[in-house]
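As a plain string of letters, each chain reads:
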Amino acid sequence: MNNVQQLYQKIILEHANHPNGFGVLESYTHQVELRNVECGDSFQVFALVEERQIKKISFVGEGCIISKASASMMIDSIHGTKIENIQKQVENFQNMILNKPFDENSLGDLVAFKSLNQFPTRVRCGMLPWHALIQILEEINE
Amino acid sequence: MNNVQQLYQKIILEHANHPNGFGVLESYTHQVELRNVECGDSFQVFALVEERQIKKISFVGEGCIISKASASMMIDSIHGTKIENIQKQVENFQNMILNKPFDENSLGDLVAFKSLNQFPTRVRCGMLPWHALIQILEEINE
Amino acid sequence: MTKYKKIAYLDNAATTPVPKSVIETINNYYGCRKVSVHRGMYDLAGEVTRDYEHVREQVAQWIGASKSTEVIFTSGTTDGLNLVANSYGTTNLTDQDQIIVSIFEHHSNFVPWQQIAKKTGATLKVVGTTPDGQLDLNELEHLISSKTKIVALSMMSNVLGNLVPVKEVADLIHRQNGILVVDAAQSVAHVPINVQSLGADFLAFSAHKMFGPTGVGVLFGKEQLLKGMPPIQYGGEMVDQVDLKHTSFQNAPIKFEAGTPNIAGVLGLGTAIDYIQDVGYQTIEQREQVLMDRLLSGLRAIKSVKIYGPQVDNQHFGVVSFNVGDYHAHDVATILNSEGVAVRAGHLCAEPLMNQLGVSSVVRASVTFETTLSEIKCLIDAVRKVEDILK
Amino acid sequence: MTKYKKIAYLDNAATTPVPKSVIETINNYYGCRKVSVHRGMYDLAGEVTRDYEHVREQVAQWIGASKSTEVIFTSGTTDGLNLVANSYGTTNLTDQDQIIVSIFEHHSNFVPWQQIAKKTGATLKVVGTTPDGQLDLNELEHLISSKTKIVALSMMSNVLGNLVPVKEVADLIHRQNGILVVDAAQSVAHVPINVQSLGADFLAFSAHKMFGPTGVGVLFGKEQLLKGMPPIQYGGEMVDQVDLKHTSFQNAPIKFEAGTPNIAGVLGLGTAIDYIQDVGYQTIEQREQVLMDRLLSGLRAIKSVKIYGPQVDNQHFGVVSFNVGDYHAHDVATILNSEGVAVRAGHLCAEPLMNQLGVSSVVRASVTFETTLSEIKCLIDAVRKVEDILK
Ligand SMILES: Cc1ncc(COP(=O)(O)O)c(C=O)c1O
Ligand SMILES: Cc1ncc(COP(=O)(O)O)c(C=O)c1O
């Protein structure tokens, strides 16, 4: 598998084609919209936060395979997690994407994005839903 | 004599130090002010025109040796001349300064400026009073 | 010519490569003539100033301006178009007036007009395209009225790649005593430009898109219009006289050129024009048509490819935008990149057009006459792989 | 370093020579990496964008900015100062407010304020100098009041050559909640600049006056101030989202960088900073002081020479202006030129100061640390000949 095949591996294509958590939540406490100025793509992330825990999370928006799969897998990976642990997860994922030391074991399926750091112009796509999540975490901590 | 000595030859220094026609005319029909934006110098030229003849002409202003001498010698050379002939004189002088074919005989003392075309950055100085004169001629012909 | 190592460079509409001669001109300036222009009393300053001003004459002749004083050096197309909007727009527009732009304008020829409309109260109207991406002249004819003060139009869309009938638009707007502003950023590398025969009142382009250096461009403006326009930047060079209370300004073009200019850039622009003239637009157009034929037929042969803009031959001048199936342009571009093919993907600074096309982004391949057939082949081969990898 | 053939180049305050390394950076960009920045999805575009943005970080560190987002790339000092006047000035000045500039400002830091004062109704006050050409701090202290919104000040006059106590001015104006705009065009090649310790709210300079390329410069602005400022040019890059009715903009610095930037220029600026840092300002100041000592003592030894600005040692940072007797500066410069010496002569874009000095023009000799003692000797020898020829 060359780099680009690794990037577009099966699990990523799967998530992009059938994203989890796609849609608007019936009720939510937080909503964030983020745009990628390079392509005009935008994502909205919705979260229902109760007792410092993300009870439900979803997204809508248009995007490339990388951003959609990233959103879908992000939602899988943080569903029902305590805020404190999410923060760690975000940092860990970001470290992997930016080619810094990271903990592979705790990332689960997200390791599929391991080769994204070979594609610096696409890092932004992979991080887009996560940046929305970071913004929600900041709102919660305010 | 090298170039620069030729440029600053005796007759030019003489005219610059004791310019002819320096001062404001008691009565005049035309007045033009021109500036050299490079140094901030400015010249005012005054002319009393009657029957398509420049009866009197004078100048005031601050300037370098080249512009003052040129003004002084210009005034000498056109004093009392018919408009038509002045036009020729102006062109002839300009041709000399711009290194184009010109009639040396009709220029009199003005040939002292023959080497000015070796100093392209100073052409503007030598032409400054003449440009004022050209403007007056244009006003007359309107 | 710029040697892009190991890649097929098909992003020429963003910026073109540079011939050796342009690099040499720049080297020569920095290597032994790095002086400022206009104000020096020494020989070298005089020489460089003469060469610098010679480029102004050269540009004037090249684009058919009637005088070199109609040529203003800018930092690029965007700078030039903003200058017109700010200086001409501010002084000539009221809330009774209209500005018309097209739906396919680059943001640089769209947002300045949108913003000056807001500021002056003028109305911004947008003319659309026919289904195959041509300027809708009928609609434009209906839109233009005696209220229309300015039509601002790209001579060639950086997305669709086809030429606009500038002259016809000029006639329409001149009949109503309005003016025509032409954005020639995309066309200048491909077709000859003559401001007289186009009927342009203002025309802007960038050197870096026509084999020249970055950071320099040209704004042409009709003498009579420039005369009435206030400067929008103030500084050295452009002032006539300054005292504590008042400042008077020089005439155009110097009035609009505050500060030490991009001297290396202007000299390099002159050499880029030499280069284009040596080759000749006829050769340029011929070679580009061969390249575009191959490019378009190669893309058309791939079922899932959708091409935007004209669908007939000989209408794409160096630029073609497309998508592959429903795949996102960024994913396609990443795969092309992994095959060594450099294209652009995104909204191409033309969001109004993207909205009309109903897409968020496209892939754009663009050539100059120096592009090779093997680069085109690389692209086509790479596009063929997209579905294999993404499906 | 630029090799000026057969001349003693003493016009460094107009523009400096360029080291080989800067030329190589430019050649490398044009030779094999001529792509645009920010929008490319291919590796080379990513690399060049990274290098381009790296220069922003480099500048930020070099001038002590707290973040790289406080660094805006401009086309030069004039462009930067006009940006502040237009964007900050227009939004923050009313007819109740005052702007203060000094009498020795370059037109680029004088006329923009004069014009924005006219536009907004604000009052422009001008602070003078002490008899030896130092900023009159006493007068300034009296002029500054709670009405003073902006003090715009050259860190070093391009005529007088001495440094201004910027920090003290910053304290004075900050006490009144006004801001300080620093024109560092002349100082940047001679002394280190730290926006924090200077207390500058905005600071502008040009690459071409600090061993860099033409057509590029830097405007530093405090994050908090930039945040509230509207863009003044519109185009690609700087927009966030465009639709037919509205446009939203990106944050600073991109908000202020419309259009394709001077990429070669920015990369070259980075290399020029490397060059200055390799040499070190300490070495620069030491070598320049040796040159200036020789230059000043040589000029003082000629009876008819009148030197402007400080009359004591170690106060001229690379620049000295003078006249020879009553001779006009242009005549003197012509004679120096005929002796192979390149100096500037004229009002030096500082007419308000000329009026105060009571002259229409001066001769200016200016050095960098790369200037040689034999160039200084050429100048002194040539000045000695002036009277022989003109008397
Ligand atoms: C003190 C000062 N300010 C501003 C400028 C303007 O710089 P630029 O022409 O590079 O915009 C200069 C140089 O000409 C200068 O010496
Ligand atoms: C049609 C069109 N107009 C304007 C521009 C802006 O040119 P620049 O970025 O050189 O100012 C471009 C290129 O980006 C373009 O393609």
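Predicted model, so just to flag it, every value in this text is computed and none were measured.

1. Brief notes about the pattern of salt bridges
Then, in step 1: Applying the stated criterion to the full structure yields 34 salt bridges over all chains.
Then, in step 2: The shortest N-O distance in the salt bridge between D:Arg33 and D:Asp51 comes to 2.7 Å. A residue pair is termed long-range when its members are at least 10 positions apart, and D:Arg33 in the loop between helix H1 (20-32) and helix H2 (43-63) and D:Asp51 in helix H2 qualify at 18 residues.
Then, in step 3: Its relative accessible area of 13% is what places D:Arg33 among the buried residues.
Then, in step 4: A salt bridge links D:Glu223 to D:Lys67; its shortest N-O distance comes to 3.1 Å. With D:Glu223 in helix H8 (residues 223-227) and D:Lys67 in the loop between H2 and strand S2 (71-74), the pair connects residues that are 156 residues apart, well separated along the chain.
Then, in step 5: The class for D:Glu223 is partly exposed, based on a relative accessible area of 32%.
Then, in step 6: Within the structure, one salt-bridge network assembled from shared partners comprises C:Asp11, C:Arg344 and C:Arg364.

2. Concerning the site of ligand 2
Then, in step 1: In the region of ligand 2, 14 residues are neighbours, and C:Thr78, C:Asp183, C:Ser206, C:Lys209 and D:Thr260 sit closest.
Then, in step 2: Bordering ligand 2 are residues originating from chains C and D.
Then, in step 3: In this structure, an oxygen atom belonging to ligand 2 sits 2.6 Å away from a side-chain N or O atom of C:Thr78.
Then, in step 4: Out of a free accessible area of 390 Å², ligand 2 has 94% covered by protein chains.
Then, in step 5: When the residues that make up the shell around ligand 2 are grouped by side-chain class, the tally is 1 nonpolar, 11 polar and 2 charged.

3. A closer look at the site of ligand 1
Then, in step 1: The environment of ligand 1 is formed by 14 residues, the closest being C:Thr260, D:Thr78, D:Asp183, D:Ser206 and D:Lys209.
Then, in step 2: Around ligand 1 the close residues trace back to chains C and D.
Then, in step 3: Contact distances for ligand 1 include 2.6 Å between an oxygen atom and a side-chain N or O atom of C:Thr260.
Then, in step 4: Within the side chain of D:Lys209, one N or O atom sits 2.8 Å away from an oxygen atom of ligand 1.
Then, in step 5: Its free accessible area being 390 Å², ligand 1 has 94% of it covered by the protein chains.
Then, in step 6: When grouped by side-chain class, the residues that make up the shell around ligand 1 number 1 nonpolar, 11 polar and 2 charged.

4. Here's the deal with the packing of helix H4 (residues 83-97) of chain A against helix H5 (residues 123-141) of chain A
Residue and element names in this part refer to chain A.
Then, in step 1: Contact geometry of H4 with H5 gives a least axis separation of 11 Å together with a crossing angle of 155°. In terms of their interaxial angle, H4 and H5 are classed as roughly antiparallel. When the axes of H4 and H5 are compared, the crossing they make is left-handed. Touching Ile 83, Ile 86, Gln 87, Gln 89, Val 90, Phe 93, Gln 94 and Ile 97 of H4 are Val 123, Gly 126, Met 127, Trp 130, His 131, Leu 133, Ile 134, Leu 137, Ile 140 and Asn 141, all from H5.
Then, in step 2: Looking at the contact of H4 with H5 residue by residue, the class counts come to 12 nonpolar, 6 polar and no charged.

5. Re the interface of chain D and chain C
Then, in step 1: The interface is formed by 87 residues belonging to chain D together with 87 residues belonging to chain C.
Then, in step 2: Of the roughly 6500 Å² buried at the junction of chain D and chain C (both faces included), carbon and sulfur atoms supply 55%.
Then, in step 3: Applying the counting criterion to the chain D and chain C interface returns 0 salt bridges.
Then, in step 4: The tally of links from chain D across to chain C stands at 45 residue pairs in polar contact (both at pLDDT 80 or more).

6. Here we look at the relation of the copies chain D and chain C
Then, in step 1: Mapping chain D onto chain C leaves a residual RMSD of 0.0 Å; the transformation is a rotation of 180° accompanied by 0.0 Å of translation along its axis. The operation mapping one copy onto its partner corresponds to a two-fold rotation axis. Proximity to the rotation axis, assessed at the C-alpha, singles out D:Gly215 in chain D; its C-alpha lies 3.2 Å from the axis.
Then, in step 2: When the interface residues of chain D are mapped onto chain C, 100% of them are again interface residues, pointing to one common binding face.

7. A few points about the domain arrangement of chain C
All names here are of chain C.
Then, in step 1: Its domain assignment divides chain C into domain 1 (8-18 + 280-390) and domain 2 (20-278).
Then, in step 2: Its C-alpha centre places domain 1 at a distance of 28 Å from the equivalent point of domain 2.
Then, in step 3: Between domain 1 and domain 2, a total of about 2900 Å² is buried, with carbon and sulfur atoms accounting for 57% of that surface.
Then, in step 4: Looking only at domain 1, the three residues that lose the most surface to domain 2 are Val 18, Tyr 281 and Phe 317, adding up to 24% of its buried area.
Then, in step 5: Our enumeration of links across domain 1 and domain 2 arrives at 0 salt bridges.
Then, in step 6: Applying the counting rule to domain 1 against domain 2 returns 21 residue pairs in polar contact (both at pLDDT 80 or more).
Then, in step 7: Listed by contribution, the elements that provide at least two residues to the side of domain 1 that touches domain 2 are helix H10 (281-300), strand S12 (319-324), helix H12 (351-357) and strand S15 (362-366).
Then, in step 8: When residues of the side of domain 1 that touches domain 2 are assigned to their parent elements, the largest contribution, 5 residues, is made by H12.
Then, in step 9: Residues of the side of domain 1 that touches domain 2, tallied by class, amount to 20 nonpolar, 11 polar and 5 charged.

Conventions we followed
Residues numbered from 1 in each chain as written. Chains lettered and ligands numbered in written order. Predicted model: local features only at pLDDT ≥ 70, side-chain atom pairs only at ≥ 80, totals over all residues. Heavy atoms only, no water. Salt bridge = Lys/Arg side-chain N within 4 Å of Asp/Glu carboxyl O. Helix = DSSP H or I, 4+ residues; strand = E, 2+ residues; numbered from the N terminus. Buried < 20%, exposed > 50% of the residue type's maximum accessible area, 1.4 Å probe, protein only. Near = heavy atom within 4 Å. Polar contact = N/O pair within 3.5 Å; in protein donor to acceptor, adjacent residues only side chain to side chain. Areas by Shrake-Rupley, 256 points an atom, 1.4 Å probe, with all protein chains shown as cover. Nonpolar A, V, L, I, M, F, W, Y, C, P; charged D, E, K, R; others polar. Axes fitted to C-alpha atoms, helices over the stretch in contact; angles between N-to-C directions. Parallel < 35°, antiparallel > 145°, perpendicular 65-115°, else oblique. Left-handed = near helix turned anticlockwise from the far one by under 90°. Contact = heavy atoms within 4.5 Å. Buried area = accessible area lost by both parts, 1.4 Å probe. Least-squares fit on C-alpha atoms with pLDDT ≥ 70 in both. Domains from an automatic or database assignment.

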